[in-house]
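Geometric and topological summary
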Amino acid sequence: SDAQGLLDAIAAASPGDEIILADGTYVLTSNVSCTATGTAAEPIVVRAATPLGAVIELDALEGFKVDAPHWHFEGLDVRGACANDSDCEHAFHVVGQADGFVLRDSRVADFNAQLKVNAQDVGGTYFAPNDGLNVGNDIGDTHGRQTSNPVTKLNIDGGVGWIVRDNDLHDFHKDGGNTISYGAFMKSGGQNGLFERNLVICDAGASSGGARIGLSFGGGGTAPQFCAPAYDANVPCDPEHIVGTRRNNIIVQCSDVGNYLNLAQNTSLLYNTLIATTGIDFRFASSTGLADGNVVSGPIRDRDGGSHTEGTNLLDVMQASFDGWYTAPLSGDLSLLGTPTELIGMGGPGVRDDYCGRNRPPQDLT
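Note that the structure is a prediction, hence the values are computed from the model and not measured. (Residues numbered from 1 in each chain as written. Predicted model: local features only at pLDDT ≥ 70, side-chain atom pairs only at ≥ 80, totals over all residues. Heavy atoms only, no water.)

**Regarding the overall build of the chain**
For the chain, the helix and strand inventory stands at two helices and 38 strands. Along the first, second and third principal axes, the C-alpha set of the chain runs to 60 × 50 × 40 Å. By residue count, 55% of the 366 residues in the chain fall in the buried class. Put simply, of all contacts in the chain between residues at least 6 apart along the chain, 65% involve residues at least 24 apart. For the chain, the exposed surface amounts to about 13,900 Å²; the carbon and sulfur share of it is 49%. (Helix = DSSP H or I, 4+ residues; strand = E, 2+ residues; numbered from the N terminus. Buried < 20%, exposed > 50% of the residue type's maximum accessible area, 1.4 Å probe, protein only. Contact = heavy atoms within 4.5 Å. Areas by Shrake-Rupley, 256 points an atom, 1.4 Å probe, with all protein chains shown as cover.)

**A word on the side chain of His 70**
With respect to the element layout, His 70 can be found in the loop between strand 6 (62-66) and strand 7 (71-74). At a separation of 3.5 Å, a polar atom in the side chain of His 70 contacts the main-chain amide nitrogen of Ala 40. Residue contacts for His 70: discarding those within four places in its chain leaves Gly 38, Thr 39, Ala 40, Pro 43, Ile 44, Asp 99 and Gly 100. (Polar contact = N/O pair within 3.5 Å; in protein donor to acceptor, adjacent residues only side chain to side chain.)

**Comments concerning the sheet that holds strand 25 (residues 241-242)**
Spatially, the three strands line up as an open sheet ordered 21-25-29, and their pairing is parallel. Each edge of the open sheet is held by one strand with a lone partner, namely strand 21 (190-191) and strand 29 (264-265). In this structure, strand 21 lies alongside strand 25, joined through two bridges in parallel fashion. Counterpart to Gly 190 in the pairing with strand 25 is His 241. (Pairing = 2+ DSSP bridges.)

**Re the state of the cysteines**
Inspection of every chain in the model, using the stated rule, returns three disulfides. With its sulfur 2.1 Å from that of its partner, Cys 82 forms a disulfide with Cys 88. Looking along the S-S bond of the Cys 82-Cys 88 disulfide, the torsion reads about 80°, which is the right-handed sense. Cys 88 matches Cys 82 in its accessibility class, with the two residues each being buried. Note that Cys 202 is cross-linked by a disulfide to Cys 254, the S-S spacing being 1.9 Å. The sign of the 70° torsion about the S-S bond sets the Cys 202-Cys 254 disulfide as right-handed. Here Cys 254 lies in the loop between strand 27 (250-252) and strand 28 (259-262) and Cys 202 lies in the loop between strand 23 (199-201) and strand 24 (211-217), a separation of 52 residues in the sequence. (Disulfide = S-S within 2.5 Å.)

**Quick notes on the side chain of Asn 137**
Its place among the elements puts Asn 137 in the loop between strand 15 (133-135) and strand 16 (138-140). With a relative accessible area of 2%, Asn 137 lands in the buried category. Only 2.9 Å separates the side chain of Asn 137 from the backbone oxygen of Leu 103, close enough to count as a polar contact. A polar atom in the side chain of Asn 137 sits 2.8 Å from the backbone nitrogen of Ser 106. Discounting chain neighbours no more than four positions away, the residues touching Asn 137 are Leu 103, Arg 104, Asp 105, Ser 106, Asp 166, Asn 167 and Asp 168.

**A short note on helix 1 (residues 3-11)**
The complete set of buried residues in helix 1 reads Ala 3, Leu 6 and Ile 10. Buried residues of helix 1, viewed axially, fall in a sector of 60°; they line one side. Along its buried surface, helix 1 packs onto strand 1 (18-21), strand 2 (24-28), strand 3 (32-34), strand 4 (44-48), strand 6 and strand 7. (Arc of directions from axis to C-beta.)

**Quick notes on the packing of aromatic side chains**
The description of an aromatic ring pair rests on the distance of the ring centres and on the angle between the ring planes. Counted under the stated rule, the structure contains 12 aromatic pairs. Aromatic side chains Phe 73 and Phe 101 sit 5.9 Å apart centroid to centroid with 40° between the ring planes, which places their arrangement in the tilted category. In this pair, Phe 73 sits in strand 7 while Phe 101 sits in the loop between strand 9 (90-95) and strand 10 (102-104), placing the two residues 28 residues apart along the sequence. As far as the burial class goes, Phe 73 and Phe 101 line up, both buried. (Phe/Tyr/Trp six-rings, centres within 6.5 Å; stacked < 30°, edge-to-face > 60°.)

**Section: the nonpolar core**
One finds Trp 71, Phe 73 and Phe 92 to be the most contacted residues of the largest nonpolar core, which totals 61 residues. With near-sequence residues (within four places) excluded, Phe 92 lies in contact with Phe 64, Phe 73, Val 78, Phe 101, Leu 103, Val 108, Gln 114, Leu 115 and Lys 116. (Core = buried A, V, L, I, M, F, W, Y, C linked by side-chain atoms within 4.5 Å.)

**Some details on the sheet that holds strand 28**
If you trace the 10 strands from one edge of the open sheet to the other, you get 3-6-9-12-17-20-24-28-32-35, paired in parallel fashion. The outermost strands of the open sheet, each flanked by one partner alone, are strand 3 and strand 35 (300-303). Ignoring which end each strand starts from, the neighbouring axes of this sheet average 20° apart. Where strand 20 (residues 180-187) and strand 24 come together, six bridges link them in parallel fashion. When the bridges of strand 24 are listed, Phe 185 appears paired with Ser 216. (Axes fitted to C-alpha atoms, helices over the stretch in contact; angles between N-to-C directions.)

**Points about the environment of Ala 54**
Mapped onto the elements of the fold, Ala 54 is located in strand 5 (residues 54-58). Separated by 53 residues in the primary sequence, Ala 54 and Ser 1 have C-alpha atoms spaced 9.2 Å apart.

This is the structure:
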């Protein structure tokens, strides 16, 4: 029921423990080390008794530092409270052998990277966390981040099998340095990442400006010594991600591309809807993949040696078309105004469900 109780419970945690936070505000001024080892069968769960009823205010460089496997955080309202934006880097920092991390049904606001994942040297060998899950979260900022540090809401560097699903990512703006921000990316030699059914609104009105990119595999750059699998300063980090999938996402109001592939090999972009963005980029020679079933307010470009195979996409869609199909497309409300005949039956058979998790009609699967 108070901050010290939370710290004590986390320090004493054992596999299978469930740490439940009573409604109220918990003020933390230093990072919280999560070092106990959970298991897949008995994870360590930190959750609010009432969804979003436990408010955690962090005035610290990072909040929960997780370097052990199978920690789950659920239903929390986590807020950065630093006077200087550069002093609130990460709400959750997941490193090394912290496999099976879960962040679920939470709201996380006002950090440079609400989630940061990266490899760590453990006994002379680098490990990156695998099989993480981010699902059902509201992640954004209440103002532009006045910092020269990287600004990426979900910054997943390395690891295999990360899933980002059913999240609302919004209002990210780097108001300093190079002014480039991302909703989310997976890079640093990661593999088999999945983004699906996310709503990404780069500018929902809380902050505006800068170059904003929706979702990316690769991008941001990784120093070779921190890149899988070599972790060697003499081995270039190329590709930055292998065999990624991005499907059934809605990406809106981005000043730059909605889907970015930067040194991303064998990527599948399937049934994504991009509104008021500059389109999709496959960039650099190792960026390859398939684009099918996408509806895009811009082109699909191959840049600097990138290449892709194209199925049936609807490209360079005018805003007037989106406005005629959907209730409030610039706000991410894609409930139908009528029957969008141009979209029926397009795309290939690779995705059997839609953004709402419903089965697609048979005509869309033939």
